Amino acid sequence: MRTLGTDGPAVSDLGLGCMGMTDLYGPADRTEAIATVHAALDAGITLLDTGDFYGMGANELLIAEALRGRPRDAVRISVKFGALRDHDGGWHGVDGRPVAVKNSLAYTLRRLGTDHVDVYRLARVDPAVPIEETVGAIAEEAAKGHVRHIGLSEAGADTIRRAHAVHPISDVQIEYGLLSRGIEREILPVCRELGIGVTAYGVLSRGLLSGHWSKDRELDAGDFRAYSPRFSGDNLARNLALVEALRAVADGKGATVAQLAIAWVLAQGEDIVPLVGARRRERLSEALGALDVKLTAGDLAAIEAAVPAGAAAGDRYPDVMMAELDSER
């Protein structure tokens, strides 16, 4: 178990990111997705991460179905809100207004079939609304018991400080892994200074570090990775070469590439909880094996040599989306 920040909830060493079960990574099998959630809970995972805009509410409904009949207090549900989408799946910015906080939370609680969310956070910082107003509105819902803890997502160092001054922040959810180490410069030090945890998504860089990706893989039109710079052209070839270098280290440890990549994130500090985006039980089982991979100083040096900081080819999002990230400003 790890604790999300000084005042946050105790959660399992790994969390389950549920986005891909309904959205953005192509077609998914609902029955298998629910079975994967059940397998995660049975294996001791207590943190489920979702967003109200994943499948326009479908992800929350799936989680509600998966949790039916199980004790509510046995799981911690983290929800992101505020992303604006249309019927065709398009993206239209983010809404962090206080009235949007209350509206979004009301719908989330109804879809999840619960009276509270364990961690509630704005999906991206709204440049038109001071973060103090957004966090203040979530704090009002926390005072009513509808929210247990307040988090942030993809927030920059200054925003984290401002938000934390309004109400204690449990954790910042942000991309972090061997191919995405930007938070090490400013964001991670600020979080540690303030006693804020990190829930790391993209630890396998959306499948690049899974060890199963092929340069010939065809992507569905609804798959985000079809538009991701890291999966395009020469960038993909260079990134897959990094994977093969990492595979050599993994083989020496008797681990898979994915397990080594997850174990590396786990080794970066007890205040970091990796979110694994497994959609199928076999991938979940592989990810759980990372908990048995113990890395020595020599192992960490070998991993660093195989995949140095900044080695990834291509940004983690398309240009238009990178420009919207407060964490990148």
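Since the structure is predicted, the reported quantities are computational estimates derived from the model, not experimental observations.

**Observations concerning the packing of aromatic side chains**
- Under the definition given, this model contains five aromatic pairs.
- Between the aromatic rings of phenylalanine 53 and tyrosine 54, the centroid separation amounts to 4.9 Å while the plane-to-plane angle is 75°, which identifies the pairing as edge-to-face.
- Exposure remark for tyrosine 54: the relative accessible area of 7% places this residue in the buried category.
- Ring centres of phenylalanine 81 and tyrosine 120 lie 4.5 Å apart, and the angle between their planes is 10°; this geometry places the pair in the stacked category. Highlighted residues: phenylalanine 81 in strand β5 (residues 76–81) and tyrosine 120 in strand β8 (residues 117–122), separated in sequence by 39 residues. Comparing phenylalanine 81 with tyrosine 120, the two get one shared label, buried.
- In this structure an aromatic cluster arises from ring pairing among Phe53, Tyr54 and Trp91.
- For the cation-ring pair, arginine 85 lies above tryptophan 91, with the distance from its terminal atom to the ring centre recorded as 4.1 Å.
- Lying over the aromatic face of tyrosine 317, arginine 206 brings its terminal NZ or CZ to 4.8 Å of the ring centre.

**What to know about the packing of helix α7 (residues 233–253) against helix α10 (residues 297–306)**
- Contact geometry of α7 with α10 gives a least axis separation of 8 Å together with a crossing angle of 160°. Judged on the interaxial angle alone, α10 and α7 are roughly antiparallel. Of the two possible hands of crossing, α7 and α10 adopt the one that is right-handed. Contacts between α7 and α10 pair Leu242, Ala245, Leu246, Val249 and Lys253 from the former with Asp299, Ala302, Ile303 and Ala306 from the latter.
- Along the lines of polarity and charge, the residues of the contact of α7 with α10 split into seven nonpolar, no polar and two charged.

**Things to note about the layout of surface pockets**
- Estimated volume of the second largest pocket: approximately 540 Å³.
- Residue lining of the second largest pocket: 29 residues in total, with Arg181, Gly182, Ile183, Arg185 and Glu328 positioned closest to the centre.
- Listed by contribution, the elements that provide at least two residues to the lining of the second largest pocket are α5 (157–166) and β10 (169–175).
- At three residues, α5 tops the list of elements feeding residues into the lining of the second largest pocket.

**A word on the sheet that holds strand β11 (residues 197–201)**
- Taken together, eight strands build a closed barrel; the order of strands is β3-β4-β5-β8-β9-β10-β11-β12 and the barrel is parallel. Each strand of the sheet is rotated relative to its neighbour by a mean of 30°, with strand direction disregarded.
- For β10 and β11, the ladder comprises five bridges, and the chain directions are parallel. Residue pairing in the sheet places aspartate 171 in a bridge with glycine 197 of β11.

Conventions we followed
- Here the residue numbers are simple positions, counted from 1 along each chain's written sequence.
- With pLDDT at 70 or above as the cut-off, local features in this predicted model cover only qualifying residues; side-chain atom pairs require 80 or more to be listed or tallied, and sums for whole chains, interfaces and linings still use all residues.
- Just so you know, side-chain values use all the structure's heavy atoms and leave hydrogens and water out.
- Any two of the Phe, Tyr and Trp rings considered here, Trp counted by its six-membered ring, make a pair once their centres fall within 6.5 Å; the pair's planes then place it as stacked at under 30 degrees, edge-to-face at over 60, or tilted in between.
- Accessible area is worked out with a 1.4 Å probe on protein chains only. A residue is then buried under 20% of its type maximum, exposed over 50%, and partly exposed in between.
- To qualify as a helix, a DSSP run of H or I must reach at least 4 residues; to qualify as a strand, a run of E must reach at least 2; elements of each kind are numbered from the N terminus.
- For a lysine, the NZ atom is tested; for an arginine, the CZ atom; a charge sits over a ring if that atom is within 6 Å of the ring centre and within 35 degrees of the ring normal.
- Under this scheme, a helix contributes an axis fitted over its contacting stretch, all axes are lines through C-alpha atoms, and angles between N-to-C directions fall in the 0 to 180 degree range.
- Throughout this description, any angle smaller than 35 degrees is read as roughly parallel, any larger than 145 degrees as roughly antiparallel, any in the 65 to 115 degree range as roughly perpendicular, and the remainder as oblique.
- Handedness of a crossing follows from how the near helix is turned relative to the far one, being left-handed for an anticlockwise turn of less than a right angle and right-handed for a clockwise one.
- Note on contacts: a residue pair is in contact if any heavy atoms of the two residues lie within 4.5 Å.
- Each residue receives one of three labels: charged for Asp, Glu, Lys and Arg, nonpolar for Ala, Val, Leu, Ile, Met, Phe, Trp, Tyr, Cys and Pro, and polar for the others, Gly being one of them.
- Within this scheme a cavity is a closed region of a 1 Å grid, computed over the protein atoms alone, that accommodates a 1.4 Å probe without allowing it to escape, whereas a pocket is open but has protein on both sides within 12 Å along at least five of seven lines; lining residues each have an atom within 4 Å of a point.
- Grid points are joined across faces, edges and corners, and a volume is the space filled by probe spheres set on the points.
- Two strands qualify as a pair provided that DSSP identifies no fewer than 2 bridges between them.

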